[in-house]
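The residues making up each chain are set out below.
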Amino acid sequence: MAQRLCRLSPTLRRTFATKAAHIEVSGTRYATDAATNVTRAILDKVPRRLYKIPNHPIGILSSLISSHFARSGKFATIDPPSPVVSVAKNFDELGFAADHPGRSASDSYYLNADTLLRTHSSAHEIETFSNPAVRDAWLLTADVYRRDEIDRSHYPVFHQMEGAKLYDISTDIAAVESQLDAREKALNAANVAILDDTRISSSNPFQASHDPVLAQLVLRDLKLSINELIVSLFGSLRHSREDDAALQVRWIEAFFPFTSPSYEVEVFWNGEWLELLGTGVIQQRTLDAAGVDNKVGWAFGLGLERIAMVLFGIPDIRLFWSEDQRFLAQFTAGKISTFKPHSKYPQIARDTSFWIPAGVHANDFCDIVRDVAGDLVEDVKLVDEFVHPKTQRASVTYRVTYRSMDR
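Scope of this entry: the structure provided in the associated data block. Remember, it's a predicted structure, so these values are computed and weren't measured experimentally.

1. A closer look at unusual backbone geometry
Here the amide bond leading from serine 260 into proline 261 is cis, since omega sits at 0°, within 30 degrees of zero. Residue placement: proline 261 occurs in strand β10 (residues 259–269). Despite not being glycine, arginine 49 shows a phi value in the positive range, around 45°. Tracing the chain through its elements places arginine 49 in the loop between α3 (40–43) and α4 (57–72). Positive phi outside glycine occurs at glutamine 392, with the angle close to 65°. Along the chain, glutamine 392 turns up in the loop between β14 (377–387) and β15 (394–402).

Here you go:
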């Protein structure tokens, strides 16, 4: 693998697995160019659509979240047919700065200079808000793609779920507040402790274009909706484990380019705080771009793998991609159950050292590892670096840890 990396020219490094003049994704052909850096190992994952498999942990969790929101209102379910989006849709329309690191070829998988595999489910926000049939309340699940390191909690393909709800600026505030009062009363009766000392401030403000009374109503509904979801997912599981302690949920101020005010939400689980999702009041420029300047709303986004690993007790993110029936047969649609390991093979570690060509990123090496060894590799760590004092050439040593999940 090291020899393969070292002999690649800068152009070939970007296209080492995609030398054809065209790439086909979801039935559509895309011309390649100098920006192309998506690999065959990644493209092979596109048809899998794990969130559509009813008895797969990702599909089970997605279904449970959808069912929860279906009980609380009319939320449309959105399933984008292809992960390929334009650079404008993925970055520009959502306010990403021109120098944002997510745009880098070391972070994202480009089909060509104008198109890439979406890096987040928010790439479909504006088109969804533009659709009058679904825009007022919706849930969207999608596979997303980011070049990343290799370890037991990171994978270049993962799944996000996003939800949003809009209010018309002429909303009857008193009527909605009455509904929220009833929901708040029910939540207070649940065995949950919500730690929330966040405040609206100059560092996390309401937007200047929003009526603060309506913005406060939207924020109250947002917090109730997220807290109800967490109780739905984690509360019943704690009860089944005969854990009588109150479920602890913590709200933390955050910054996201899509929302203001913005928050991260955590749950205390198995003795530590687990980050679950990001959420906030939608930036009005997003709604304006979608032609709904008469509405205000909230949105959230979460990573399904992060939560599923905790709820199902899955220790390695690679397992989600296993096609071994000893893995798949352990799970039942609509039910959270604990994973039982079926491979007892130990880790095997091997070190590889090489002079690193200028301009090569660590993610270039990780992509080559994935192409050569696939999911046999559990972890890749940089363990040593050296710069020759005379030539200034740099060398690195990576420790590659192998372990089969299925043998």
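2. Quick look at the sheet that holds strand β6 (residues 137–145)
For sheets, the rule is that strands pair by backbone hydrogen bonds, running either parallel or antiparallel. Pairing is mixed across the open sheet formed by eight strands, whose spatial order is β3-β6-β7-β12-β11-β10-β9-β8. Taken across any chain shown, the strands that pair with only one partner, and hence form the sheet edges, are β3 (76–78) and β8 (192–195). Pairs of neighbouring strands in the sheet enclose a mean axial angle of 25°, with direction left out of account. Taken together, the five bridges between strand β11 (residues 272–282) and strand β12 (residues 295–303) define a ladder with antiparallel strand orientation.

3. Some words on the sheet that holds β14
The three strands lie next to each other as β13-β15-β14, forming an open sheet whose pairing is antiparallel. Of all strands in the sheet, those with a lone pairing partner are β13 (348–355) and β14, marking the two edges. Taking each pair of neighbouring strands and ignoring which way they run, the sheet shows an average axis angle of 20°. For β13 and β15, the ladder comprises eight bridges, and the chain directions are antiparallel. Within β15, the position partnered with alanine 349 by the bridge is threonine 401.

4. Let's talk about the packing of α4 against helix α10 (residues 304–311)
Two elements in contact, α4 and α10, have axes whose closest approach is 10 Å; the angle formed by their N-to-C orientations is 100°. With respect to α10, the element α4 is oriented roughly perpendicular. Contacts from Pro57, Ile58, Leu61, Ser62 and Ile65 of α4 reach α10 at Leu304, Glu305, Ile307, Ala308 and Leu311. Considering only residue class, the contact of α4 with α10 consists of eight nonpolar, one polar and one charged.

5. Considerations on the nonpolar core
Counting residues in each nonpolar core, the largest one holds 75 residues, and the members touching the most others are Ile65, Ile230, Phe234, Leu302 and Phe320. Of the residues forming this core, the biggest block, twelve residues, is contributed by helix α8 (residues 212–240). Look past the residues within four positions of phenylalanine 320 in its chain and what remains in contact with it is Leu50, His56, Pro57, Ile58, Glu305, Ala308, Met309, Ile314 and Phe327. Counting 14 residues, the second-largest nonpolar core is a separate cluster that includes Val134, Trp138, Ala164 and Val292.

6. A few points about the packing of aromatic side chains
Counted according to the given criterion, the structure contains 17 aromatic pairs. Aromatic ring contacts, followed pair by pair, group Phe69, Phe75, Trp298 and Phe300 into a single cluster. The side chain of lysine 223 reaches across the aromatic face of tryptophan 251, ending 5.5 Å from its centre. Geometry around tryptophan 273 places arginine 250 over its ring, the cationic atom sitting 4.1 Å from the centre.

7. Brief notes about helix α7 (residues 173–188)
In this model, α7 (16 residues) spans 22 Å end to end at C-alpha, consistent with the 22 Å of a helix rising 1.5 Å per residue. Looking at where α7 begins, the residue whose side-chain oxygen comes 3.3 Å from the main-chain nitrogen of alanine 174 is aspartate 172.

Calculation notes
- Residues numbered from 1 in each chain as written.
- Predicted model: local features only at pLDDT ≥ 70, side-chain atom pairs only at ≥ 80, totals over all residues.
- Heavy atoms only, no water.
- Helix = DSSP H or I, 4+ residues; strand = E, 2+ residues; numbered from the N terminus.
- Pairing = 2+ DSSP bridges.
- Axes fitted to C-alpha atoms, helices over the stretch in contact; angles between N-to-C directions.
- Parallel < 35°, antiparallel > 145°, perpendicular 65-115°, else oblique.
- Contact = heavy atoms within 4.5 Å.
- Nonpolar A, V, L, I, M, F, W, Y, C, P; charged D, E, K, R; others polar.
- Core = buried A, V, L, I, M, F, W, Y, C linked by side-chain atoms within 4.5 Å.
- Buried < 20%, exposed > 50% of the residue type's maximum accessible area, 1.4 Å probe, protein only.
- Phe/Tyr/Trp six-rings, centres within 6.5 Å; stacked < 30°, edge-to-face > 60°.
- Lys NZ or Arg CZ within 6 Å of the ring centre and 35° of its normal.
- Expected span 1.5 Å × (residues − 1).
- Polar contact = N/O pair within 3.5 Å; in protein donor to acceptor, adjacent residues only side chain to side chain.

It is worth stressing that arrangement in space is one thing and function is another; only the former is reported here.
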